[in-house]
Amino acid sequence: MAATLRDGLPLLTIDMDGVICQPPFNRNLGIHRAFLDPAAPPVPAQVPARWLKRIVDPLRFELRRPLPGAREALADLRALRTLVLLTGRRSMPGHWLRRHGFAPLLDDVVINETSLRSPHFKLEAIADLGAIEHIDDDGRTVQLLAQRSGAQPYLRDWPRNRGLPYDDRVRRVADLGALAALLRDEGEPRQP
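Predicted model only: the values in this text are computed from it and were never measured.

Caption draft 1: Seen up close, the pairing of strand β2 (residues 82-86). The buried fraction of β2 amounts to 5 of the 5 residues, a majority that puts the element mostly inside the structure. Residues Thr82, Val84 and Leu86 of β2 are buried on one face, and the alternating residues Leu83 and Leu85, pointing to the opposite face, are buried as well. Sheet topology places strand β1 (residues 11-14) next to β2; 4 bridges connect them, and they run parallel. By the bridge assignment for β2, Thr13 is matched with Val84. Where β2 meets strand β3 (residues 108-110), 3 bridges bridge the pair, whose relative direction is parallel. Each residue of the ladder has a partner; that of Val84, found in β3, is Asp108.

Shown next, in the form of structure tokens:
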């Protein structure tokens, strides 16, 4: 499943909700404040039926707006990295991405078609894709990545993910624009 690197650029995976897409009422209640035990096996998720996902997901997600500056920041990141949208969503967000002008900025989109919950799905997908970096808004996901992967985890700042005892490898950024500036300033990435 390793991703094809565009122009040899290193691979950055990007979460969607809370990183590109604004949460409802700008309140990111989907962020978990409890970490996962990195040694524990993943707990399977209850995966909804395919027909139910086709009805429920558009109701949950289609009316959300992009976060301010996200499109411009992705354009900046695209000059530095191969970009793969890696979402825990279980349905393809293609319509939303096209409608808001994000589709041409992404090299690939990977959705959760596994029985794993989002953090463990992302942990596996990042390894399979060969990503060296990942940005997410969920503290338990970046913490698990810091503990169990070689990829550099970036935490997109939200009030709900502040004040937790993160691993020293977790790097907090204000938004995608701040990540683009950080990566541009740092130059060549460290390989995991």
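Still more ground to cover, so stick around.
Caption draft 2: Summary view of the packing of helix α4 (residues 118-129) against helix α5 (residues 139-148). Remark: α4 packs on α5, axes separated minimally by 9 Å, with the N-to-C direction vectors making an angle of 40°. When the axis of α4 is compared with that of α5, the two are oblique. In the packing of α4 onto α5, the handedness of the crossing is right-handed. Here α4 contributes Pro119, His120, Lys122, Leu123 and Ile126 to the contact with α5, which in turn contributes Arg140, Thr141, Leu144, Leu145 and Arg148. Looking at the contact of α4 with α5, its residues break down into 5 nonpolar, 2 polar and 3 charged.

Caption draft 3: View of the pattern of salt bridges. The full count for this structure, using the stated rule, is 11 salt bridges. Here Lys122 makes a salt bridge to Asp15, at a shortest N to O gap of 2.9 Å. With Lys122 in helix α4 and Asp15 in the loop between β1 and α1 (50-61), this residue pair connects regions lying 107 residues apart in the sequence. Note that Asp17 is salt-bridged to Arg89, the shortest N-O span being 2.6 Å. Placement of Asp17 in the loop between β1 and α1 and of Arg89 in the loop between β2 and α3 (94-99) is noted, with a sequence separation of 72 residues between them. The burial state of Asp17 is the same as that of Arg89; both residues are buried.

Caption draft 4: The arrangement of the sheet that holds β3 in detail. Overall, parallel pairing links the 6 strands, which are arranged β3-β2-β1-β4-β5-β6 in an open sheet. Only two strands of the sheet have a single partner each, and these edge strands are β3 and β6 (171-173). Adjacent strand axes in the sheet meet at a mean angle of 25° when their direction is disregarded. In this sheet, strand β5 (residues 152-156) lies alongside strand β4 (residues 133-136) in parallel orientation, the contact comprising 4 bridges. Residue pairing in the sheet places His134 in a bridge with Pro153 of β5. Of the strands in this sheet, β1, β2, β3 and β4 touch α4, which is tilted by about 155° from β2. Helix α6 (residues 176-186) rests against β1, β4, β5 and β6 of the sheet, and its axis sits at about 125° to β6.

Reading the values: rules and limits
Residues numbered from 1 in each chain as written. Predicted model: local features only at pLDDT ≥ 70, side-chain atom pairs only at ≥ 80, totals over all residues. Heavy atoms only, no water. Buried < 20%, exposed > 50% of the residue type's maximum accessible area, 1.4 Å probe, protein only. Helix = DSSP H or I, 4+ residues; strand = E, 2+ residues; numbered from the N terminus. Pairing = 2+ DSSP bridges. Axes fitted to C-alpha atoms, helices over the stretch in contact; angles between N-to-C directions. Parallel < 35°, antiparallel > 145°, perpendicular 65-115°, else oblique. Left-handed = near helix turned anticlockwise from the far one by under 90°. Contact = heavy atoms within 4.5 Å. Nonpolar A, V, L, I, M, F, W, Y, C, P; charged D, E, K, R; others polar. Salt bridge = Lys/Arg side-chain N within 4 Å of Asp/Glu carboxyl O.

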